[in-house]
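# Analysis of the macromolecular model
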Amino acid sequence: MRTLSLLAGLFFAASAVADEASWSAPHAPYQITDNIYNVGTAGISVYLITTPKGHILLDGATQAGAAIVETNIQRLGFKLKDIKYLIENHAHSDHVGGLAQLKKDTGATFIASKADRYGLEHGILDSDANWTDTFTPIKVDKTIDDGKELILGGVHLQAIITPGHTKGCTSWLTESQDKGVLRRVIFVCSLTTAGNSLSLVGNKLYPSIATDFRNSFARLKQVKADVVLSGHPEATNLEQKYLAQVNGKKDAFVNPDELLNLVTKAEEKFEEELKQQQESKP
Ligand SMILES: [Zn+2]
């Protein structure tokens, strides 16, 4: 079993390397609902949530991806200086590596969960992880607790802390008008063990990692959403949906069954991975 889990780790490392080029490669920005846009790179989604009182940006992609995000925001006709808040899904370099630059260029207030704060402000993975990557630290201006809302210009974004992937992994839930229909939209935090695939058992820096994952799966199974948006586009087939929309499909991003399916699959993979690690670390 030890060999199997080592192989799984190597496979992760190999696939991560293969994906990395897309994380900092350009992609056209596109609209999802009336006031939600993907302004990210080809391999990392970054979401702009607009309001009449200024805007909110969720994540910043990689350090090299920040320039792409900025160009995409401007291509849509929005101004960087109108971004009032920066928020994050989780403190891994592929999603927050660009935030230091974006904070400098927007002057926005950065809000994050208490449990991700240390990792964000030190630019490190705050866990015994098999993926060691650092990023430019970003100062957290304000923290947000589980269940609390960030409110701006009539938009309410509720923080649902769903730890596991990182200690403070945060999903955000909101309602958004979509061509005359009100949709519940969730920006779901990563649910995979990527970065932790050898560290679910005996993680000294993050002892509660396995329990946290299980609680987050249970929690998210109770949430209802019409539109599910992920930080890695492939997790919710965003590219296919985007292309379907370009080809004239209506409501291409709407799928009320998607969240439960995503969580159920992630939970199955997690339990398999945990079992392997428990068997290889008696
Ligand atoms: Zn991650």
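Quick note: structure is the one above.
One structure accompanies this document, and this report is about it. (Residues numbered from 1 in each chain as written. Predicted model: local features only at pLDDT ≥ 70, side-chain atom pairs only at ≥ 80, totals over all residues. Heavy atoms only, no water.)

### Comments concerning the packing of aromatic side chains
On inspection of all chains with the given rule, the structure shows seven aromatic pairs. Arranged with centres 4.4 Å apart and planes meeting at 25 degrees, the rings of Tyr-30 and Tyr-242 form a pair that is stacked. Within this pair, whereas Tyr-30 is found in strand β1 (residues 30–33), its partner Tyr-242 is found in helix α7 (residues 238–246), the two being separated by 212 residues in sequence. Judged by centre distance (5.6 Å) and plane angle (65 degrees), the ring pair of Phe-217 and Phe-270 falls under edge-to-face. Of this pair, Phe-217 sits in helix α6 (residues 209–221) while Phe-270 sits in helix α8 (residues 258–280); the two residues are 53 residues apart in sequence, bridging distant segments of the chain. Taken as a pair, Phe-217 and Phe-270 share a single burial class, namely buried. Connected via pairs of aromatic rings, a cluster forms that spans Tyr-30, Tyr-242 and Phe-253. (Phe/Tyr/Trp six-rings, centres within 6.5 Å; stacked < 30°, edge-to-face > 60°. Helix = DSSP H or I, 4+ residues; strand = E, 2+ residues; numbered from the N terminus. Buried < 20%, exposed > 50% of the residue type's maximum accessible area, 1.4 Å probe, protein only.)

### Notes on the state of the cysteines
Between two cysteines, a covalent bond joining their sulfur atoms is known as a disulfide. A complete count under the given rule lists one disulfide for this structure. Cys-169 shares a disulfide with Cys-189; S-S distance 1.9 Å. Between Cys-169 and Cys-189 the disulfide shows an S-S torsion of about -85 degrees. By sign, it is left-handed. Residue Cys-169 is located in the loop between β9 (155–161) and β10 (170–178), and its partner Cys-189 is located in the loop between β11 (181–188) and α6; the two are separated by 20 residues in the primary sequence. (Disulfide = S-S within 2.5 Å.)

### Side note on the coordination of the zinc ion
Geometry sets the ideal angles at a metal, namely 109.5 degrees for four tetrahedral donors and 90 or 180 degrees for six octahedral donors. The protein atoms that coordinate the zinc ion are His-90 (NE2), His-92 (ND1) and His-165 (NE2), at distances spanning 2.1 to 2.2 Å. Every donor residue of the zinc ion comes from the same chain, spaced as H-x1-H-x72-H. Taken as a pair, His-90 in the loop between β5 (83–87) and α3 (93–96) and His-165 in the loop between β9 and β10 lie far apart in primary sequence, 75 residues in all. An identical accessibility class is assigned to His-90 and His-165; each is buried. (Donors = N, O, S within 2.8 Å, 3.2 Å for Na, K, Ca; no water.)

### What to know about the pairing of strand β4 (residues 54–58)
Across the five residues of β4, five count as buried, placing the element largely inside the fold. What sits between the antiparallel neighbours strand β3 (residues 47–51) and β4 is a turn of two residues. Sheet topology note: the β4/β5 ladder contains four bridges and is parallel. Bridging from a neighbouring strand, Leu-58 pairs with Ile-87 of β5. As a crossover connection, the stretch from β4 through helix α2 (residues 66–75) into β5 is right-handed. (Pairing = 2+ DSSP bridges. Right-handed = clockwise from strand over helix to strand, strands pointing away.)

### Description of the packing of α6 against α8
Following both chains from N to C, one finds α6 and α8 inclined at 160 degrees, their axes separated by 9 Å at the closest point. Judged by the inter-axis angle, α6 sits roughly antiparallel to α8. Considering the relative orientation of α6 and α8, their crossing is left-handed. For the pair α6 and α8, contact is made by Ala-210, Phe-213, Arg-214, Phe-217, Leu-220 and Lys-221 and by Leu-259, Leu-260, Val-263, Thr-264, Ala-266, Glu-267, Phe-270, Glu-271 and Leu-274, respectively. Split into classes, the residues belonging to the contact of α6 with α8 amount to ten nonpolar, one polar and four charged. (Axes fitted to C-alpha atoms, helices over the stretch in contact; angles between N-to-C directions. Parallel < 35°, antiparallel > 145°, perpendicular 65-115°, else oblique. Left-handed = near helix turned anticlockwise from the far one by under 90°. Contact = heavy atoms within 4.5 Å. Nonpolar A, V, L, I, M, F, W, Y, C, P; charged D, E, K, R; others polar.)

### Quick word on helix α4 (residues 99–106)
Residues spaced three or four apart along an α-helix point in a common direction, a consequence of the helix completing one turn every 3.6 residues. Listed in full, the buried residues belonging to α4 are Leu-99, Ala-100, Leu-102, Lys-103 and Thr-106. Within α4, the buried residues cover an arc of 165 degrees as seen down the axis, which keeps them to one side. In this structure, the buried residues of α4 make contact with β4, α2, β5, α3 and β6 (109–113). In the stretch just after α4, Gly-107 is the one whose phi turns positive, near 70 degrees. (Arc of directions from axis to C-beta.)

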